[in-house]
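Understanding the architecture of this molecule
Chain residues, written in single-letter form:
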Amino acid sequence: MSVAANPVPESLLEERFEATIARKDRIEPRDWMPEAYRRTLVRQVAQHAHSEIIGMQPEGAWIGRAPSLRRKAILLAKVQDEAGHGLYLYSAAETLGVSRDELTELLISGRQKYSSIFNYPTLSYADVGTIGWLVDGAAICNQVPLCRTSFGPYGRAMIRICKEESFHQRQGYELLLTMMRGTAEQRAMVQESVDRFWWPSLMMFGPPDDASPNTARSMAWGVKTHTNDELRQRFVDMTVPQADALGVTLPDPDLAWNEERGSYDFGQPDWDELWAVVAGDGPCNAQRVAHRTRAWSEGAWVREAALAYAARESAGHEA
Amino acid sequence: MSVAANPVPESLLEERFEATIARKDRIEPRDWMPEAYRRTLVRQVAQHAHSEIIGMQPEGAWIGRAPSLRRKAILLAKVQDEAGHGLYLYSAAETLGVSRDELTELLISGRQKYSSIFNYPTLSYADVGTIGWLVDGAAICNQVPLCRTSFGPYGRAMIRICKEESFHQRQGYELLLTMMRGTAEQRAMVQESVDRFWWPSLMMFGPPDDASPNTARSMAWGVKTHTNDELRQRFVDMTVPQADALGVTLPDPDLAWNEERGSYDFGQPDWDELWAVVAGDGPCNAQRVAHRTRAWSEGAWVREAALAYAARESAGHEA
Amino acid sequence: PADLATYCLMLGDDALVLSQRLAEWTSNAPDLEEDIAFANIALDLLGQARLLLARAAAADPTQVPALPAGSPVPDEDRLAFFRDGTALRNVRLAELPNGDFAQTVARVLLFATWRLALFEELARSRDAVLAAVAAKGVKELTYHRDFAGRWFLVLARGTEESRRRLVAGLEALWPYRAELFATHDVERAVAGAGVGVDPADVADTVDAVLDRVLETSGVERPDVPPRAGVLGRAGRDGRHTEALSLLLAEMQSVARAHPLGQW
Amino acid sequence: PADLATYCLMLGDDALVLSQRLAEWTSNAPDLEEDIAFANIALDLLGQARLLLARAAAADPTQVPALPAGSPVPDEDRLAFFRDGTALRNVRLAELPNGDFAQTVARVLLFATWRLALFEELARSRDAVLAAVAAKGVKELTYHRDFAGRWFLVLARGTEESRRRLVAGLEALWPYRAELFATHDVERAVAGAGVGVDPADVADTVDAVLDRVLETSGVERPDVPPRAGVLGRAGRDGRHTEALSLLLAEMQSVARAHPLGQW
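The text that follows walks through the structure, step by step, so that each part is easy to find. Just so we're clear, the structure is a prediction, and the values are computed from it rather than from any experiment. (Residues numbered from 1 in each chain as written. Chains lettered and ligands numbered in written order. Predicted model: local features only at pLDDT ≥ 70, side-chain atom pairs only at ≥ 80, totals over all residues. Heavy atoms only, no water.)

Remarks on the interface of chain B and chain D
Rule in force here: By the convention used here, residues are in contact when the closest approach between their heavy atoms is within 4.5 Å. Joining two parts hides part of their accessible area as seen by a 1.4 Å probe, and the buried area is that hidden amount summed over both. We count a salt bridge whenever a side-chain nitrogen from Lys or Arg sits within 4 Å of a carboxyl oxygen from Asp or Glu. Counted as a polar contact is a pair of N or O atoms within 3.5 Å, where, for protein atoms, one must be capable of donating a hydrogen and the other of accepting one, and residues adjacent in sequence contribute only when both atoms are in side chains.
Listed by partner, the interface residues are 20 residues for chain B and 18 residues for chain D. Both sides of the chain B and chain D interface together cover about 1600 Å² of buried area, and 57% of this is carbon and sulfur. At the junction of chain B and chain D, the tally comes to two salt bridges. A salt bridge links Glu242 of chain D to Arg288 of chain B; the nearest nitrogen and oxygen atoms lie 2.6 Å apart. At the junction of chain B with chain D, the criterion picks out seven residue pairs in polar contact (both at pLDDT 80 or more).

Side note on unusual backbone geometry
Where we set the bar: Each helix is a run of DSSP H or I of at least 4 residues and each strand a run of E of at least 2, with the numbering of both proceeding from the N terminus. Summary of the burial criterion: residues with accessible area below 20% of their type's maximum are buried, those above 50% are exposed, and those between are partly exposed, where the area comes from a 1.4 Å probe applied to protein chains only.
Although it is not a glycine, Lys24 of chain A sits at a positive phi angle of roughly 60°. Summarising the element assignment, Lys24 of chain A is placed in the loop between helix H1 (10-22) and helix H2 (35-54). The exposure class assigned to Lys24 of chain A is exposed, which follows from its relative accessible area of 74%. Positioned with a positive phi, Ser27 of chain C is a non-glycine residue whose angle comes to about 70°.

Quick look at the environment of Ser201 of chain B
Tracing the chain through its elements places Ser201 of chain B in helix H8 (residues 184-203). Those residues in contact with Ser201 of chain B that lie beyond four places of it in its chain are Ile117, Leu134, Val135, Ala138 and Phe235 of chain B.

As for helix H8 (residues 184-203) of chain A
Operational definition: Helix span is expected to be 1.5 Å times the residue number reduced by one.
An ideal rise of 1.5 Å per residue puts 28 Å on 20 residues; H8 of chain A measures up with 30 Å between its terminal C-alpha atoms. Here H8 of chain A lies mainly inside the structure; 15 of its 20 residues are buried.

Let's talk about the packing of helix H2 (residues 35-54) of chain B against helix H7 (residues 152-180) of chain B
Residues and elements named next belong to chain B. Short version of the rule: Axis definition: a line fit to C-alpha positions, over the contact stretch in the case of helices; interaxial angles, taken between N-to-C directions, run 0 to 180 degrees. Any angle that is under 35 degrees is reported as roughly parallel, and any over 145 degrees as roughly antiparallel; angles of 65 to 115 degrees are reported as roughly perpendicular and all others as oblique. A clockwise turn of the near helix away from the far one marks a right-handed crossing, whereas an anticlockwise turn of less than a right angle marks a left-handed crossing. Note on residue classes: Ala, Val, Leu, Ile, Met, Phe, Trp, Tyr, Cys and Pro are nonpolar, Asp, Glu, Lys and Arg are charged, and everything else, Gly too, is polar.
In contact at an axis separation of 13 Å, H2 and H7 are set at 25° when each is read in the N-to-C sense. Classed by the angle they form, the pair H2 and H7 counts as roughly parallel. Viewed along their axes, H2 and H7 form a crossing whose handedness is left-handed. Residues Leu41, Gln44, Val45, His48 and Glu52 of H2 lie in contact with H7, whose contacting residues are Tyr154, Met158, Ile161 and Glu165. A class-by-class count of the residues in the contact of H2 with H7 yields five nonpolar, two polar and two charged.

Structure (structure tokens):
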């Protein structure tokens, strides 16, 4: 049967697509999908993949200086996991018809973004713990719902990623706990780090719902399942007791338990700062992209050699 | 009067040259000199200039890590002086008709040598002191007689250089003295450093006289005024009491005062090692030349820009 | 006295950190003359740093890191070698990696022009030590600015390559320029007391000098937005780039390995 | 026990230092797969280093650096973070800067082939701990060697550029190869006691493997003389290249800043 001869009418395809979404079933790469859905997904999956890869830099900077061999092993393995997450996610994006090379070009040319949190610098070893606890913690809040996202390869990648992220989060928190049992300097280092990362972590959930124009459509498509503010609240409610257990102060004078809501009230981050960082003027945007660009272009000859070798081998086998 | 029409016969020129040497007067750049004398001098002055420039590396490696601000200033100024010495010496060589660029090419292509001592690595901050004390000390023994060398520009450069080298030597010795008054680790660091640099310092005077074929001619021309073994003995006699004052042991079981000679007896360095280092297989030869080559080639665009600017300016002024 | 000490650390750390960067050029410069010139500038800045750190320690000994009993390490070295990055007060412009020769020339120009304007005012400080440090520094910084200004012109008008690199270097640094003129509370306080200088007050002077250099060189003033800090804080509050902690790791390694050492 | 401890430090430092170098590739490799692979190898070596340093400390506690009273730093970290370069016992091959990807591939090939041959013998050590470490290491090192061997072939037969770089990288490392097979007195002693391995005994095995890789790849065995040490001493005696002290300055910076810290 020729597809061209008997095309399924687009309206029917769209109906089927909507029905799959409505059943909370998964859309698979070979299924028909609206072009806007595909575009939204490519953008989201790519941005997520880029975040994993760029996210290797701020923590990777401390592998060489990890203050114990055990922490060195933990950190090296964690950053390696991030590379692995990047791999799964680029593979998921490839099922939508876009290659890793293309996406990398979009990243280094600045046409695709990554999570703004990685445009903040790491300034002490405590940041390794804080990134695990707060940044990975926020990422998990964002990502757990994505395990049930409508696009199959993305949802399955997220299941694996979330499992590893939880592990990283516990490791980060455990580092901070250990440091808080150490010297006064170490405790001060932890507090200083938390002071720096608290607000940027809250920004990871994106702008407030009333300033987030794409949320509605993403939710309708099952690409997104909770609003930014819902997830932010969940993160705060989860984190405040952990901060108490740790013995650090979260730098928000408005933070208080609201008996009525059964949730914490909290202040608003400086959204102007978020927009400046998104626009490219954050403390590390230029550095992160320059690093990725350098690594990618310095590796070009290796990738070319591998292609040339593979081509020659397959020619040899055919001959 | 045309020089071509009334040439002074070469025999007469040679006679005058020999007379100047015999009077211990100086040969100046405009004077006639035998081609072999010129070649010997170019080689010696260039090798000396290269030694200053390459010698910046082993100590320069520690400027960034100097353990006090005072020592950082002293070391930075010292390494800067070495660059200055390189400048005077390249200028002296230029009076013999060979440019700094040409000499640098000869250095980085391996066709001209530099002092082999700089092919040993610096492994601790004590090495900064030891190089000042032993290496600069040996250099001074070699160089003081050169202040009276027959070629004017070289002799005058040496006067200035020797004055600064003595200053460096005292600073190096003073660093070691201070470290010996410090912790047990610091004293061990000094001893370890002296153990490493003692024999290579003795090698700086060149092979024993009976294995040094060029000595006789260089002495006849007043380019060299003492034999290798004479200078080596002078260095040992000067250094042993300093080592005693410092409280370090020189690593030579044969070292002993010879009442009869009024000098110290001492053992022979491992000359095979010297020849291996001279041949290019010392611990740092490849590294030193690669460093110089990189710096020189990375700076090429700057030197070109300066030339282009100067050309444009002078064209502008003429127009 | 705490404010005075902090202010001295700000100016001292600027000099200390840029001196460390410029010293990295030693044996790496395009030719011997520039090798010597960068060492000269580094030495001048190191000298300024030593005086300023010593003044900070004298003004407020509580800001000097404690070491094990019996340590002979002097105050200037305790401050230089035993503080972590978040305790350093230098502007981020001073700590960035060198980049190429053109970027270093641009940095020295921006830095020396700014610091010269500050020191010209500071020479009238009510604090006699600061006034003396500044008066001496003015001569040095004038030389630094002129050296960088001359090379700026040469590179701008040299070759296409040199001009391209110069413009790129200037653009890479320009986002860190706003920080030079952002008044910190401590600077406001010491300026109010007639002891220090509010950097905002020298912005016009500095701009005029830079504009003249740019004009002579035919280089346009870069049009790039300032680089944000972290939650509104930057170098003056110890919120640095990632480059600083690596610079300190090297700089402090020998001193930290021997907290009881004599040098 | 002193000899056994020193021998464990030799093998442990080899792994520790090369692990540190390979970890520098993190976020810098040509593609994600190689980034992950280098991290894997670095992790394996780090694991070997930890076991070997712990064994060294157990065999001869006097070789473990002392720290201020009350320091909670465990032995493996005292050995890793509180020794100076001249106390490290690794071969110089492990400490050289990475160079490019080709040079790193060549290094991993040379290193893993050599260490694999050592560990195959060491698995029969009379010291049960060393035997167990070696038995586990054999599997890891086989993977390292195969990974490097595969890339060696790809680069040799890939493009002109990749072949040129591979040959250059191999030639840069080759002078450090003789050191791998030069028997140190301590190695001779532990080999005599049936506890360790004399590296000279595995030279033929290693050569045979390398020759096979070279032949398959069509790369000639480099003809360059060995790099001298200092007065006949090299890495096994703590006489290293200048690169090691800078590697340690970075690696030890945080630990040394907090000798009483818990991590």
